[in-house]
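Letter by letter, the chains look like this.
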Amino acid sequence: MKINIIGGGPAGLYFAILMKKSDPSHDITVYERNGPDDTFGWGVVFSGKTLANLREADEASHAEITRDFEAWDNVDVVHRDQKISIHGNSFSGIARIRLLKILQKRCEELGAKINFRTEISDIDSSRSTCQLLVGADGVNSLVRDKYGANFQPDLSMRPNKYIWYGTNRLFHGLTLTFRETRAGVFCAHSYKFDQTTSTFIVECDPQTWANAGFAGMSEAQTRGCLAEVFAQDLKRHQLLSNNSKWINFVLVKNAHWHHRNVVLLGDALHTAHFSIGSGTKLAMEDAIALKQSFDETSDVSSALGRFEAVRKPVIEDYQAAAYESMLWFENAREYLPLAPIELAYSLMTRSGRVDDEELRKRDPAFISRHEEKVSREGAKPQRT
């Protein structure tokens, strides 16, 4: 089968790997507009469950990925200069560029072609010259836009602003840090992804962003301002920029996932707020699900229909949980009157996927501390 893949991110590369591994006779070409060493952002996160899926799908790339992982089991919540740690979680981080290089190399080993610095503008032509066209070209997908009448996308730009930095300050665990300033409330999402570097995402509501005057700041001024906000947490380390800019999260949904011989994967198909998980995780699991659909049938139309039928309910459940998490952070200032232990509990249960029973399994000491706090002082009202 001739397969054209537009987009050389994790979704496109991993699907190429799995299909070529399944049948070496597949003629697969990945078209990527950037160069092989170009990437934006810093580290990405995987859960223990995702790692098991990757191992089963392709043990060779899994071995390379996990060799470079930084793993942790703690979520740390910092509020009013107090750190609350919740253990029993399973997460791992890796540099995004390192992940891409591993997947690129694996594609080459299996014989999948990657055409870097190649912009595909004639989508119809690309579709007509293959049996399967995969649109793995991100949030601003040209493939999705080309067949928008068929996919019926729903794109919602959320109000909060966020900016994705790195830092050489190592955060040993997923750390959520809240800082109140005269401008408003800032939250940092941080975690180490190698032995020298951490991701450091700063998020704030539009009122805080406007009050701080970021609209009139240069890139260097913005970094300096945020480094000052989180000076105590960064411990004098600088924030590192990699084309880092303030952006708004875009919630992507599509009513239909395929059209004729065209299918979407990854962020082109759906997004989930970064506070609950990694788009990279979802993208690579999309690739696994699509490949498994072709295991069931070689007929393209049937395989794409099966992919949507099987995978769409999974994504809808995930997006529902991510939506609740996103709303929590959009309204973070309403939770800051809570004591640190109460804020940590609210954070851990925000999406509805983790309840008291699950928290007790993960970290019985934490849930006991929270219950003692509530019993002693009574629970404070939370936003509903």
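Scroll up a little and you will see the structure.
Residues numbered from 1 in each chain as written. Predicted model: local features only at pLDDT ≥ 70, side-chain atom pairs only at ≥ 80, totals over all residues. Heavy atoms only, no water.

With respect to the overall build of the chain
- Summing up its helical and strand segments, the chain has 15 helices and 17 strands in all.
- Taking 21 Å as the expected radius of gyration for a compact globule of 384 residues, we find that the chain reaches 21 Å, a close match to that expectation.
- Split into buried and exposed, the 384 residues of the chain put 56% on the buried side.
- Split by element, the accessible area of the chain, about 16800 Å² in all, is 46% carbon and sulfur.
- Distance from the positive charge centre (47 side chains) to the negative charge centre (50 side chains) of the chain: 3 Å. (Helix = DSSP H or I, 4+ residues; strand = E, 2+ residues; numbered from the N terminus. Rg over C-alpha atoms; globule rule 2.2 N^0.38 Å. Buried < 20%, exposed > 50% of the residue type's maximum accessible area, 1.4 Å probe, protein only. Areas by Shrake-Rupley, 256 points an atom, 1.4 Å probe, with all protein chains shown as cover. Lys, Arg positive; Asp, Glu negative; His and termini not counted. Charge placed at Lys NZ, Arg CZ, Asp CG, Glu CD.)

Some remarks on the pattern of salt bridges
- Counting across every chain of the model gives 26 salt bridges.
- Residue Lys312 pairs with Glu308 through a salt bridge whose shortest N-O separation is 3.9 Å. Linking Lys312 with Glu308, this pair stays in helix 12 (residues 300-330), spanning four residues, or about one helical turn. Each member of the pair, Lys312 as well as Glu308, is classed as buried.
- Lys373 is the partner of Glu377 in a salt bridge, and the nearest nitrogen-oxygen pair spans 2.7 Å. Placement of the pair is Glu377 and Lys373 together in helix 15 (residues 364-377), with a separation of four residues, close to one helical turn.
- For Glu377, a relative accessible area of 48% puts it in the partly exposed group.
- A relative accessible area of 13% means that Lys373 is categorised as buried.
- Here the residues in one salt-bridge network are Lys21, Asp58, Arg106 and Glu109, joined through shared partners. (Salt bridge = Lys/Arg side-chain N within 4 Å of Asp/Glu carboxyl O.)

Details of the pairing of strand 15 (residues 247-254)
- Counting buried positions over the eight residues of strand 15 gives six, a clear majority of the element.
- Bridge analysis of strand 10 (residues 153-167) against strand 15 gives seven bridges, and the strand direction is antiparallel. Directly across from Asp154, in strand 15, lies its bridge partner Lys253. (Pairing = 2+ DSSP bridges.)

Here we look at the sheet that holds strand 17 (residues 262-264)
- Strand order in the open sheet made by the six strands is 8-2-1-9-17-16, with mixed pairing throughout. The strands lining the two open edges of the sheet, one partner per strand, are strand 8 (113-115) and strand 16 (258-259).
- In this fold helix 1 (residues 10-22) packs onto strand 1 (2-6), strand 2 (27-31), strand 8 and strand 9 (132-135), with an angle of close to 170 degrees to the strand it touches most, strand 2. (Contact = heavy atoms within 4.5 Å. Axes fitted to C-alpha atoms, helices over the stretch in contact; angles between N-to-C directions.)

Description of the layout of surface pockets
- Here the second largest pocket is characterised by a volume of approximately 250 Å³.
- Together, 15 residues line the second largest pocket, and Val78, Lys83, Arg169, Phe171 and Thr175 are the ones closest to its centre.
- With three residues, strand 11 (residues 174-180) is the single largest residue contributor to the lining of the second largest pocket.
- Split by residue class, the lining of the second largest pocket holds three nonpolar, five polar and seven charged. (1 Å grid on protein atoms, 1.4 Å probe; cavity = no way out; pocket = protein on both sides within 12 Å on 5 of 7 lines; lining within 4 Å. Points joined across faces, edges and corners; volume = space filled by probe spheres on them. Nonpolar A, V, L, I, M, F, W, Y, C, P; charged D, E, K, R; others polar.)

Digging into the packing of aromatic side chains
- Going through the model one piece at a time under the given rule, you end up with 13 aromatic pairs.
- Of the aromatic side chains, those joined through ring pairs into one cluster are Phe178, Trp328, Phe329 and Tyr335.
- Geometry around Trp209 places Lys161 over its ring, the cationic atom sitting 4.7 Å from the centre.
- A cation over a ring is seen here: Arg169 above Phe171, with NZ or CZ 4.6 Å from the ring centre. (Phe/Tyr/Trp six-rings, centres within 6.5 Å; stacked < 30°, edge-to-face > 60°. Lys NZ or Arg CZ within 6 Å of the ring centre and 35° of its normal.)

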